[in-house]
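Observations on the three-dimensional arrangement
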Amino acid sequence: MSKSVIITGVTGQIGSGFARFLLNEGHEVHGIIRRTSSFNTSRIDDVFSHPKLKLHYGDMTDGSVSNLICDLKPDYFINQAAMSHVAVSFDNPEYCFDVNATGVIRCLEAIRRHSKHTRVLQASTSELYGDHVAPQNELTPFKPRSPYAVSKLAALASVVNYREAYNIFAANSITFNTEGPARGATFLTRKVTLAAARISLGLQKELRLGNLCSKRSWTHYEDQLDGQWLVLNADEPDDYCIGLEESHSIQEFVEIVFSKLNLDWKEFVICDPRYFRPTEVDHLEPDCTKIRSKLGWKPKHTFQQLVDEMVKHDLDLARKEKILLDNK
Ligand code: G4F
């Protein structure tokens, strides 16, 4: 049966993936986009004219999204909107909290008051674990180490509170790092694959990075999406860790990507203090026993396949850039 779904952050990596997936399944998708002076819809270009996709201007920092919830009373509310860059949150903590925490409470209030049947998925984050020893699961204590993580903890706790206090179907996906060819270029993986591809064709000379020692579990966005959809459709609302159960250091990632392009990373990577954070999260790696055993989640992509896909994508992009330059 066709459902109505509000997706915030529909122009982002997972939000756009969700829109595509839900439209394919025949659902009606209401995507929230922020007004900007430049185009920000490239990730949904392919479904832009789909008859079941409606785009609405809105922002988590005002009443626009809650008004839409009141008007539409959707079957599902998927919150992918966030000020999602950990390093930037140190520079702009107040805005970060407004979007990531207060913004979620605004939506939960609208659902409690006007649309109690709506199922809520909050995209939470492994950043909440801070420096707690890996592997982390749903029982691991949270130790947030950035304004971003603090704001996301407030949102997670609010979701749990609305679930318990008002009997709303509200669930958190505790999402480990989510990657793919559509990942934003200011995040580590994409910054590296884009730079390495451009360096291999002589389009760029160096890559400036911060801390190479931290470790992350990098998961393909399609596997994240599968997991989050299972969480949203479970019999009972609950919170689940989702991610590949392996981790690699930043240096390892850099080495792998550069060696795929026959480059020695040490010749090109420069350590730049600008990219270090006041407090770092050293090691994130999930134990996903709960979602595997309760909801049957199983990732379809290995880490190597993820890296291959990103490198191939960015090499194709760099080749196109080079052709344009050569023909100038
Ligand atoms: O790619 P990152 O910026 O991702 P980070 O901080 O782990 O956060 C991402 O994953 C979270 C889930 O765990 C999400 F909640 C969050 O929204 C975001 O998607 O950095 C990864 C690691 C960090 O340890 C960082 O210090 O890479 C290190 N790093 C080293 N040099 C760098 C750089 N990160 C970035 N972005 N840019 C650098 O130049």
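The sections below set out a description of the structure shown in this document. These numbers were taken from a predicted model, which means no experiment stands behind them.

Our next topic: the overall build of the chain. When helices and strands are tallied, the chain shows 10 helices and 13 strands. Here the C-alpha radius of gyration of the chain, 20 Å, is about what a compact globule of 328 residues would show, namely 20 Å. A total of 328 residues make up the chain; the buried ones form 53% of that total. Of all intrachain contacts in the chain linking residues separated by at least 6 positions in sequence, the fraction that spans at least 24 positions is 80%. Summing over all exposed atoms, the chain offers an accessible surface of approximately 15000 Å²; the carbon and sulfur share of this is 51%. Here the chain holds 39 positive side-chain charges and 42 negative ones, and the gap between their average locations is 3 Å.

What you see with strand β4 (residues 76-79) is no split at all: Y76 and I78 on one side and F77 and N79 on the other are buried throughout. Bridge count between strand β1 (residues 4-8) and β4: 4 bridges; the pairing is parallel. Opposite T8, over in β4, you have N79 as the bridge partner. When β4 meets strand β5 (residues 119-125), the two strands line up parallel, connected through 4 bridges. Looking at β5, one finds that I78 is bridged to L121.

Moving on to the site of the ligand. For the ligand, the set of nearby residues contains 25 residues, the closest of which are T125, S126, Y148, R277 and E280. Note that a nitrogen atom of the ligand is positioned 2.8 Å from one of the backbone N or O atoms of G210. At 2.6 Å from an oxygen atom of the ligand is found a side-chain nitrogen or oxygen belonging to S214. Protein chains shield 96% of the accessible area of the ligand, which is 710 Å² for the free molecule. Looking at the shell around the ligand, the elements that each hand over two or more residues are α6 (188-200) and β8 (207-209). Tallied by class, the residues present in the shell around the ligand amount to 8 nonpolar, 10 polar and 7 charged.

This brings us to the packing of aromatic side chains. Two aromatic rings are characterised by how far apart their centres lie and by the angle between their planes. Summed over the entire model, instances satisfying the criterion amount to 10 aromatic pairs. Seen from their ring centres, F18 and W229 are 6.4 Å apart, and the 65° between their planes marks the pair as edge-to-face. On the criterion of sequence distance, the pair formed by F18 in helix α1 (residues 13-24) and W229 in helix α7 (residues 221-232) is long-range, its members being 211 residues apart. Taking relative accessible area as the criterion, W229 reaches 17% and is therefore assigned buried. Among the aromatic residues, ring-to-ring pairing joins F18, F21, Y76 and W229 into one connected group. Directly above the aromatic system of Y275 lies the positively charged group of K191, at a separation of 3.5 Å from the ring centroid.

This brings us to the environment of N161. The topology assignment puts N161 in helix α5 (residues 147-166). Take N161: its relative accessible area is 43%, and that puts it in the partly exposed class. As a C-alpha pair, N161 and F18 span 143 residues in sequence and 26 Å in three-dimensional space.

Cut-offs used in this document
- Residues numbered from 1 in each chain as written.
- Predicted model: local features only at pLDDT ≥ 70, side-chain atom pairs only at ≥ 80, totals over all residues.
- Heavy atoms only, no water.
- Helix = DSSP H or I, 4+ residues; strand = E, 2+ residues; numbered from the N terminus.
- Rg over C-alpha atoms; globule rule 2.2 N^0.38 Å.
- Buried < 20%, exposed > 50% of the residue type's maximum accessible area, 1.4 Å probe, protein only.
- Contact = heavy atoms within 4.5 Å.
- Areas by Shrake-Rupley, 256 points an atom, 1.4 Å probe, with all protein chains shown as cover.
- Lys, Arg positive; Asp, Glu negative; His and termini not counted.
- Charge placed at Lys NZ, Arg CZ, Asp CG, Glu CD.
- Pairing = 2+ DSSP bridges.
- Near = heavy atom within 4 Å.
- Polar contact = N/O pair within 3.5 Å; in protein donor to acceptor, adjacent residues only side chain to side chain.
- Nonpolar A, V, L, I, M, F, W, Y, C, P; charged D, E, K, R; others polar.
- Phe/Tyr/Trp six-rings, centres within 6.5 Å; stacked < 30°, edge-to-face > 60°.
- Lys NZ or Arg CZ within 6 Å of the ring centre and 35° of its normal.

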